[in-house]
Amino acid sequence: MYKFLILLQVLFWISETKRIQKSFRIRQLSDWEYLTKFGAEVGDVTYHIKFRIIGLESEEMRERKFPILFELYLDEEWPQALEIQECERASQARRKETIQVPGNGEYSQVYTGNIKAKLRAHMWYYAISDCHRRLRDEFKEDQYKKIKFEVDIHIKNVGKTEFSVEQFGIQYFMIVVVLVDIIMLAYNGYYIVQRHEKYEEFSLALFLLVITLFLETISYGVNLLHLWVYSYNGEGVFVLHVVSVIVQVASQFSLTMILVMLSWGWQINFNKFDNFEIFLPLSLLIAFFQLTIVGVGFIDYDAYYKDHSYEGWVGWLASFIFIGEFIYFINGLSNTYKKSNGAVQQFILMLGIYGGFYFISFPVLQTVNLIVARYLRHKVMEIGTITLRTAAILLLTHLFTSKKSIFAKISYDNKSFLDRNKDE
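Residues numbered from 1 in each chain as written. Predicted model: local features only at pLDDT ≥ 70, side-chain atom pairs only at ≥ 80, totals over all residues. Heavy atoms only, no water.

Q: Let's hear about the overall build of the protein chain: which residues, and what values?
A: The number of helices and strands found in the protein chain is 12 helices and eight strands. For the protein chain, the proportion of its 424 residues judged to be buried stands at 50%. Of the roughly 20,800 Å² that the protein chain leaves accessible, carbon and sulfur atoms contribute 60%. (Helix = DSSP H or I, 4+ residues; strand = E, 2+ residues; numbered from the N terminus. Buried < 20%, exposed > 50% of the residue type's maximum accessible area, 1.4 Å probe, protein only. Areas by Shrake-Rupley, 256 points an atom, 1.4 Å probe, with all protein chains shown as cover.)

Q: Could you give an account of helix H6 (residues 238-263), with specific residues and numbers?
A: Compared with the 38 Å implied by 1.5 Å per residue over 26 residues, the 37 Å span of H6 between its first and last C-alpha is a close match. By the criterion of burial, H6 is predominantly enclosed, with 19 of the 26 residues buried. Gly-265, located one to two residues past H6, shows a positive phi value of around 100°. (Expected span 1.5 Å × (residues − 1).)

Q: Can you explain the nonpolar core? Please cite residues and give values.
A: Residues Leu-259, Leu-262, Phe-347, Leu-396 and Phe-400 are the most contacted members of the largest nonpolar core, which totals 41 residues. Listed by contribution, the elements that provide at least two residues to this core are helix H4 (170-199), helix H5 (204-233), H6, helix H8 (313-338), helix H9 (343-368), helix H10 (374-401) and helix H11 (406-410). In terms of residues, this core owes the most to one element, H9, which gives nine residues. Not counting residues within four places of it along the chain, the set of residues in contact with Leu-262 comprises Gln-267, Ile-268, Leu-351, Leu-396, Phe-400 and Phe-407. Ile-68, Tyr-111, Phe-139 and Ile-147 belong to the second largest nonpolar core, which has 34 residues in total. (Core = buried A, V, L, I, M, F, W, Y, C linked by side-chain atoms within 4.5 Å. Contact = heavy atoms within 4.5 Å.)

Q: Describe in detail the pattern of salt bridges, supporting the description with residues and values.
A: All chains considered together, the criterion is met by nine salt bridges. A salt bridge links Arg-64 to Glu-138; the nearest nitrogen and oxygen atoms lie 3.0 Å apart. In this pair, Arg-64 sits in the loop between helix H2 (59-62) and strand E4 (65-74) while Glu-138 sits in the loop between strand E7 (122-129) and strand E8 (148-156), placing the two residues 74 residues apart along the sequence. For Arg-64, a relative accessible area of 30% puts it in the partly exposed group. The class of Glu-138 is partly exposed, set by a relative accessible area of 29%. (Salt bridge = Lys/Arg side-chain N within 4 Å of Asp/Glu carboxyl O.)

Q: Provide a residue-level description of the environment of Val-158, including the pertinent values.
A: For Val-158, the location among the structural elements is in the loop between E8 and H4. A relative accessible area of 25% places Val-158 in the partly exposed class. A sequence separation of 113 residues divides Val-158 from Val-45, and the C-alpha atoms of the two residues are 5.5 Å apart. When neighbours within four sequence positions are excluded, Val-158 is seen to be in contact with Glu-41, Val-42, Gly-43, Asp-44 and Val-45.

Q: Hey, could you go over the packing of H6 against H8 for me, with residue numbers and the actual values?
A: Each pair of packed helices can be summarised by the angle the axes make with each other and by the distance between the axes. Viewed as axis vectors pointing N to C, H6 and H8 meet at an angle of 30°, and their least axial separation amounts to 7 Å. Looking at the two axes, H6 sits roughly parallel to H8. Residues Thr-256, Leu-259, Val-260 and Ser-263 of H6 form the contact with H8, whose participating residues are Glu-325, Tyr-328, Phe-329, Gly-332, Leu-333 and Thr-336. (Axes fitted to C-alpha atoms, helices over the stretch in contact; angles between N-to-C directions. Parallel < 35°, antiparallel > 145°, perpendicular 65-115°, else oblique.)

Q: Which residues make up unusual backbone geometry, and what values go with them?
A: In this structure, Arg-133 is a non-glycine residue whose phi angle is positive, near 60°. On the secondary structure map, Arg-133 appears in the loop between E7 and E8. On the basis of relative accessibility, which here comes to 35%, the residue Arg-133 falls in the partly exposed class.

Q: For the state of the cysteines, give the residues involved together with the corresponding values.
A: Applying the stated criterion across every chain yields a total of one disulfide. Sulfur-sulfur distance for the disulfide between Cys-87 and Cys-131 comes to 2.3 Å. The sign of the -105° torsion about the S-S bond sets the Cys-87-Cys-131 disulfide as left-handed. Here Cys-131 lies in the loop between E7 and E8 and Cys-87 lies in the loop between helix H3 (78-83) and strand E5 (95-102), a separation of 44 residues in the sequence. For Cys-131, a relative accessible area of 21% puts it in the partly exposed group. (Disulfide = S-S within 2.5 Å.)

What follows is the structure, encoded as structure tokens:
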């Protein structure tokens, strides 16, 4: 295991660059186009940018060069730049450079720049401008409507890593979480097998938790693989990222269903749903909500206004869904509490605290990010949600497997189990 950790550490820091490639049809270019953003750590950061024009057949046009204005903005002036007209934004740019792009399909000469932060990390925003139409006016005729303009940007952060500053440290944190998940997965699996062999009983609640753990481990493991590839090419494998997100949706759905079902008395007052025709639509609705929460994170991915996947209205939509699930969860707890007494009521209060942290964590983190520096927002959201989700699973593991816990005393499944304990 320690060799695996050392290998991952080496791979994460053997890096090339962050690589961004974008393609535009020249006739569809706007006066001003946003390219990408990058969080620069304190120290020296280097970027390389080049352009090319693809599709020209005329020998005369292929021998010419066409100008494009490259602009670089610091996060301190970025909000002001967005408030003014596109063709006036260059006045807010920290760096401007007119680059001549050949028409022969080859890349232009690489323009290399250096950024140096002295006091704190900063977000830098990359853009191009054709406000004087010096590029587009050369391609007005219909024969040029399919001509493409391509941009290639390579960025090296401090220490020659391609990771933007908001990504620093997250991969190591995820390694720790994956190891914790594996330990919990092995422990719960052993507990299920031991109980089945000893009493020939099967705990559905714990089995669902094991499924949740398994899905979470797969999700984070695949994402680590994506980061490993990213450390080589600065791009990663988008398919791996998508698979990680899909499995994460399934994990969140499973955890949400466990909490909601417990809140309505499952495994406390009953172990089977009599009204399955009500339970099935509810399950589908929660699944839809979980898909929506994760899906909206892909909207305008890498947009200039997004410091993390849930920046802006998509984050508040996801927060609204979490709050709705939290209200339904509290309603179930209230209903079960009124029908119970003693130890059951005490358990309901504990479940409300455990589950409440999970449901409201996202809205709280979304609100906290309003006052957090832009380069820290991604880290706050990523580490915060992972930590609280893992904590919720840890607490549920304790509830399901500890004989001294309140759940062990009141659980529908554990009633006969407790009777056996008296004889031991």
